[in-house]
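Survey of secondary and tertiary structure
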Amino acid sequence: MLKFRDVDFIGIGTLLSENERLVRDSARRWVEERIIPIIESCAREGRFPIELVPEMAAMGFFGATMSDYGGAGMSQVEYGLVMQELERGDSGIRSFVSVHSSLVMYPIHTFGSEEQKQKWLPPMQAGEVLGCFGLTEPDFGSNPGGMRTRARKSGNEYVLNGEKMWITSGSIAQVALIWAKDDDDRIRGFLVETDRPGFRAETIHGKMSLRASVTSSLSLNDVRIPAANLLPGTGGLKSPLQCLNQARYGIGWGAVGAAMQCYDTALQYAGFRKQFGDKPIAGHQLVQQKLVGMINAISQAQLLALQVGRLKDRGEASPAQISLLKRNNVAMALDTARAARDLLGANGIADEYPVFRHMANLESVNTYEGTHDIHTLIVGHSITGIEAFS
Ligand code: TGC
Ligand code: FAD
């Protein structure tokens, strides 16, 4: 494994505050020391390194932007830099943190009662309770509004029935946030303890992507939960979409991290690999063109992430701006990973280098949290005023 060197061609670091650089550097150190040495074997074995959860908690990665209930009180830019560093390690590690923090802690914080916040947030911040987010169903991915999962009120309880598919951390979570339609056909969020009778989570095997992350299918068969497990502030599809704004924002930064790792690997490799004489392949024009294309695209993506982060810190980032960030930066990272794989020749397909793993991971990142094309349609809707989903 080559030692990572920072990727900052246009001096993005100079646009960061001292504290932002501190947060980035400590996340970077942790990833270097704890993720990089084990990640290839985790991916090979199809194993999420769950033993690192207490350390991630101690680093303040969970609920990082909350300044209460034990959260580290990071700014949005600081949180983004953490996501960048985690995904430079592996998209699956960033996924785990995104789901736990942005898709489970955030909705409890935003839509939950005071009692729910006190019960769930401190142990989640400490990594003692893990969460998953169940929106997607086998027949409803890009169009979650069509979901079939139901929550029927029965006295002081809700009874849940349905299937959720492709759920990150589904089989390791103690609490699942399940999105279901209530008796009035309104989408609401329900906190379901995963040891309740009728709840089943099965790990999906055979993934060629995000191998160091747990992905599961969930089935709910007459699962009874107290009525108090309903997140009272939720109502309609806009509630889960509001959570997705947080997670998509983190992905926009994370993808930059994956691209930085792929680019730096390709740059170093091109510097020592020789063909046709004594000159490294980095001395050939076509190779330089590829490397320049990569650093050009990464620099643009870094600026985009930082600008959306600054807007978000001011409470001004719109969902469409976050869609543009996710769409651009994930596509950029996938292109960068493919170009890096090409530059490594046959070595590009081996897990001695991190490039193929990142490339395969980014295929999932391109699809989840809204596919590339769904984000095209969201931005298209925003600029034209005309909805083109159906
Ligand atoms: P539409 O009628 O457009 O919207 C319904 C209501 O929601 C509001 N809204 C939003 N609110 C907050 N934030 C957003 N981003 C919002 N987008 C829309 C909208 O204003 C409306 O409000 P109201 O008051 O009028 O009711 O809904 P639609 O059914 O036409 O669908 C819209 C569409 C396609 C944009 C949306 O459904 C979508 O984004 N689809 C993609 C699905 C998706 O992203 N799924 C992600 C599942 S979770 C996941 O992948 C986790 S992986 C994590 C990991 O491992 O890292
Ligand atoms: P589909 O919606 O069937 O889309 C298939 C293709 O059709 C795509 O190319 C899409 O862009 C295109 N398409 C669809 N509609 C249109 C349209 N109107 N116009 C043009 N093209 C269109 N979900 C969760 O709820 N929680 C999770 O934790 C979670 N984790 C995931 C982890 C992984 C590893 C993966 C791969 C997925 C995860 N997902 C999760 C699910 C993810 O959000 C969905 O896969 C995603 O929203 C796309 O849905 P789909 O796979 O059903 O594809």
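What counts, and at which threshold
Residues numbered from 1 in each chain as written. Chains lettered and ligands numbered in written order. Predicted model: local features only at pLDDT ≥ 70, side-chain atom pairs only at ≥ 80, totals over all residues. Heavy atoms only, no water. 1 Å grid on protein atoms, 1.4 Å probe; cavity = no way out; pocket = protein on both sides within 12 Å on 5 of 7 lines; lining within 4 Å. Points joined across faces, edges and corners; volume = space filled by probe spheres on them. Nonpolar A, V, L, I, M, F, W, Y, C, P; charged D, E, K, R; others polar. Helix = DSSP H or I, 4+ residues; strand = E, 2+ residues; numbered from the N terminus. Domains from an automatic or database assignment. Contact = heavy atoms within 4.5 Å. Buried area = accessible area lost by both parts, 1.4 Å probe. Salt bridge = Lys/Arg side-chain N within 4 Å of Asp/Glu carboxyl O.

**Concerning empty space enclosed by the protein**
Scanning all chains against the criterion turns up one cavity of 30 Å³ or more. The space that makes up the largest cavity amounts to roughly 100 Å³. If you go around the largest cavity, you meet 14 residues; those closest to its centre are Ile12, Arg24, Leu81, Gln84 and Gln302. In terms of residue class, the lining of the largest cavity is built from seven nonpolar, three polar and four charged.

**Here's the deal with the layout of surface pockets**
Taken as a whole, the largest pocket spans an internal volume of roughly 1,000 Å³. In terms of lining residues, the largest pocket is bounded by 36 residues, among which Thr136, Thr367, Tyr368, Glu369 and Gly370 are the most central. Going through the elements one at a time, helix 4 (91–111), strand 3 (157–168), helix 6 (238–272), helix 9 (355–367) and helix 10 (372–384) are the ones with two or more residues in the lining of the largest pocket. If one sorts the elements of the lining of the largest pocket by residue count, helix 4 sits on top with five residues. Here the lining of the largest pocket is composed, by residue class, of 16 nonpolar, 15 polar and five charged. Roughly 260 Å³ of volume is contained in the second largest pocket. Lining the second largest pocket are 16 residues, with Met208, Arg211, Phe356, Arg357 and Ala360 positioned closest to its centre. At the level of secondary structure, the elements contributing two or more residues to the lining of the second largest pocket comprise helix 1 (18–45) and helix 9. At four residues, helix 9 tops the list of elements feeding residues into the lining of the second largest pocket.

**Topic: the domain arrangement of the protein chain**
Each assigned domain of the protein chain is listed here: domain 1 (12–125), domain 2 (131–229) and domain 3 (238–384). Each of domain 1 and domain 2 has a C-alpha centre, and the two are 23 Å apart. Taken together, the 25 residues of domain 1 in the interface contact 17 residues of domain 2. For the pair domain 1 and domain 2, the summed buried area comes to about 1,600 Å², and 70% of that belongs to carbon and sulfur atoms. Counting every contact that joins domain 1 to domain 2 gives one salt bridge. Taking the shortest distance from any N to any O, the salt bridge between Lys119 and Glu193 comes out at 3.7 Å.

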